[in-house]
Structures are given as C-alpha cells and as structure tokens.
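Secondary and tertiary structure notes
If you want the building blocks of each chain, they are given just below.
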Amino acid sequence: MKSDNARFAERDPAVVHPWIKRSHDASIQGNPLANRLAGVADQINRERRRGRGAGTNPAGRFEPIAREVFDDGWQSIEELPPFKTEVQVEQARTIIARNQSPDISFDRSINPYRGCEHGCVYCFARPTHSHMGLSAGLDFETKLFAKPGAAKLLKRELSKPGYKPQTIAMGTNTDPYQPIEKEWRITREILEVLEACNHPVGIVTKSALITRDIDILSRMAERGLAKVAISVTTLDRKLCRAMEPRAATPGLRLKTIAQLADAGIPVSVMVAPVIPALTDQEIERILDSARGAGATGAGFVMLRLPHEVSPLFRDWLLRHCPDRYQHVMNAIRAMRGGKDYDAQWSQRMKGNGPYAWQIGRRFEIASRRLGFNETRRRLDTSAFRPPVSDGDQLALF
C-alpha cells in the first residue's frame, strides 16, 4: 500500500504537504522528500551558494543527461568550492536583436551581457542559459558572458544603408547595469554611440549604477532621446535580499529614481514582477513611494514562470516562504489557466481570471489617483544620423 505522502505527490507534485508548511528553512534544505513533493532538484549546500538567488543548479533542458551530486561517504561534498562569478567574452556577430511580439512596445533591443549576477530567482530570462549548455539555476548567476565588441557592432549596424531608427530597448532580458558593468563598461560605450548619432534608447534596470551615466542620459533626454524605467518588486528589504540578492535595495532604487528625475531624465517605475499572494499587497505603496521620488510613468508585469524558472521559483518558496507556498502557487495557477505559466501573447504579461483582473484594476486606480502616465512622450527618431565610419572620415580629405 502506498503511503499518504506518495499518494499526495502523485495527485499534485507541486502542492506542499501540510508538514512542509510548518517547517523552517533549515529543516527543508536538502530534504529529498520536500524536494520531490515540490518537483524540484536537490539543494546546493547553503555555503556554496551564499549571496545567490537559486538554490539548485539543474541541467539545461536541452542536455541529454542530468548530473546529481551525492555524498559517496568520503565527505567530498564539503570540499566543493563556492560558486564564484566567472565572465567569458562572447564574440557576437550582431548586437541588435529583433522581435515581432505583439504584446511589447519595441521591436529591437540590445543585451550587453548573457546571464545576470543580480540573481533574481524569478527572472524569466534564466532559460536562455540552456542554449549555452548551462543551467538556468546557479549557472545563470555565476557563469556570465560579456560582449565587449558591442559598441563597434552597433556602429556597423546603424550605418547600414536603409536602417530606419526606432527606440532601442536595453534591460529587456538581462540587466545592462548588473555588477560586472562597473568593470566592463559595455553599456556606457553603447550609450556613447547612440548619443553620437542621436538614436533613441529606453532602459529598464533595478541597479543604482545607472546614475554613473546620468551625464550621457541627461544630454540625450534634453533632445528627447532617452527614458528610463526602474524596476521595484518589493519595499521589504528582507524579502528583496532573499529574492534579488545582488540587486540594489528598495530604498536605493527609489533614490535612483529621484536622481534621474532631478537630472531631467523621464523616469518610470515598473512594479515587476507582481507575485500574487506575496508582493501584490505592496502595489499601492510602491507606486506612492515612486511618485514621491519623481517617477511620472508606471507599469506592471505579472510573474512569469517559463520552463526552468517554475521549479527554481518553487524551490525558493519552499526555502524562504514555506507557509505561503500553497497559497502563492494556487494564486499563480488561478491566473494561468491552472498551469504555472501560460505563454499566450494576450496572457503572459498580465494573466487572466478574477485575481489577475483585480490586480490590474488596483494598479489602474492607484496610477490614476497618483497622476501617473498622464502624458506619454514618444522618443524622437527624426534627428538620427548614421555613425561615420573611419573610411568615410578619410574620404572627407
């Protein structure tokens, strides 16, 4: 006869047994039964992943085999080194990525980096690391790729005959101002190229490092060429630290909004992602705080759990919010047609159903009350001039 736990897991492997709800992080971590019931991989030792968002490092979905670390009796697991940030150079052939998605407002973007050291456990870009033969878990946060030739590639692509300018989005996949940008400065080099040829740019980030480039952004903003959105998920410092371990604190993000606004740069707040039953109660507070800091625009995106992100997020919930696990996952599925994620164009950003409808109406009411989005200024594309190549400069003589 099957045990109660086995029958429970068969019925819904992603619903937590009541005993897990009462347990704490220490009792869950590395517990095979808890992991099996939640449908997640075995835990990585806490000391090895200190300061990281993901708790596991499963094989990518395209890999033919999966490897599992286990103790062979010689205590060799304790000797494994901690996960450190490694940066490899990617020799990209192009730098402007195109898309035809009907539910986003831009058709081109630039990503100076692959992977992101911020380590946000919910990041929808994590599955892209599987295309590199790496894990969407800890590999995504520690094995990063930089594109130091991005500015040169951008010049070449902008100078092609027939190029028609439209706003280039940055920060749509991984954060262009993640910690390694302080050393690599690829994002700043890209902005220098865009400024020189009067090309509009829109940036989304949760990093205070963007204030380093206020000099460029303020000059571009004066000509209607730049706008910025700061992502704020929660105002709870403890929750932020657990969920976004290497991103700026909530207070520092609000300060960043104020600095950008004071410099004359149009700045919005992105309440993103909204996590039902965990952070959605903060929508009004976040909007109110951002408006006070100087933000004039606002938007929100519902939590998205594509591919490997779902088990990674569920594992995180088990470790940090075991008492809320069932409530959060039920709320997510209520707005995703009973699944962890629905990739339909019309559903993926906002969700569907009564819970999603309620969140959308709350956001609209609070935004209207605070005076957000009263004016929407389109960035200027009329002043664009293609960058001059070295050969063209010599031809002038």
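The rules behind these values
- Residues numbered from 1 in each chain as written.
- Predicted model: local features only at pLDDT ≥ 70, side-chain atom pairs only at ≥ 80, totals over all residues.
- Heavy atoms only, no water.
- Helix = DSSP H or I, 4+ residues; strand = E, 2+ residues; numbered from the N terminus.
- Buried < 20%, exposed > 50% of the residue type's maximum accessible area, 1.4 Å probe, protein only.
- Areas by Shrake-Rupley, 256 points an atom, 1.4 Å probe, with all protein chains shown as cover.
- Disulfide = S-S within 2.5 Å.
- Salt bridge = Lys/Arg side-chain N within 4 Å of Asp/Glu carboxyl O.
- Arc of directions from axis to C-beta.
- Contact = heavy atoms within 4.5 Å.
- Pairing = 2+ DSSP bridges.
- Right-handed = clockwise from strand over helix to strand, strands pointing away.

1. What to know about the overall build of the chain
- Along its length, the chain carries 16 helices and 10 strands.
- Counting over 397 residues, the chain shows a buried share of 51%.
- Of the roughly 19400 Å² of accessible surface on the chain, a fraction of 52% belongs to carbon and sulfur atoms.

2. Some points on the state of the cysteines
- This model, assessed by the stated rule, comprises zero disulfides.
- Of all cysteine sulfurs in the structure, the one in C120 sits closest to C116, which takes part in no disulfide; the separation is 6.2 Å.
- With a relative accessible area of 7%, C120 lands in the buried category.

3. Some words on the pattern of salt bridges
- All told, the structure shown has 22 salt bridges when counted by the stated rule.
- Here E192 ties to R188 by a salt bridge, and the two come within 3.7 Å at their closest N and O atoms. With a gap of four residues between them, E192 and R188 both fall in helix α8 (residues 186-196), about one helical turn apart.
- By relative accessible area, which is 40% here, E192 ends up partly exposed.
- The buried category is assigned to R188, whose relative accessible area is 13%.
- E244 serves as the salt-bridge partner of R253, at 2.6 Å between the closest nitrogen and oxygen.

4. Some thoughts on unusual backbone geometry
- P273 follows A272 through a cis peptide bond whose omega is -10°.
- Note on placement: P273 falls in strand β9 (residues 267-274).
- The phi dihedral of R185 is positive, around 60°, even though this residue is not glycine.
- Within the secondary structure layout, R185 lies in the loop between α7 (181-184) and α8.
- We classify R185 as partly exposed; its relative accessible area is 37%.
- Positioned with a positive phi, N373 is a non-glycine residue whose angle comes to about 60°.
- Locating N373 in the fold gives a position in the loop between α15 (354-370) and α16 (390-395).
- According to the relative accessible area criterion, N373 is partly exposed, its value standing at 23%.

5. Here's the deal with helix α6 (residues 150-158)
- For α6, the full list of buried residues reads A150, A151, L153, L154, E157 and L158. Seen along its axis, α6 keeps its buried residues to an arc of 160°; they face one direction.
- Of the surrounding elements, those touching the buried residues of α6 are β2 (96-98), β3 (108-110), β6 (168-170) and α8.

6. Describing the pairing of strand β10 (residues 297-302)
- For β10, a buried count of five out of six residues is recorded, marking the element as mostly surrounded by other parts of the structure.
- Where β9 meets β10, five bridges bridge the pair, whose relative direction is parallel. Paired with V274 across the strands is M302, a residue of β10.
- Since β9 and β10 lie parallel, the crossover through helix α12 (residues 283-293) that links them has a hand, and here it is right-handed.

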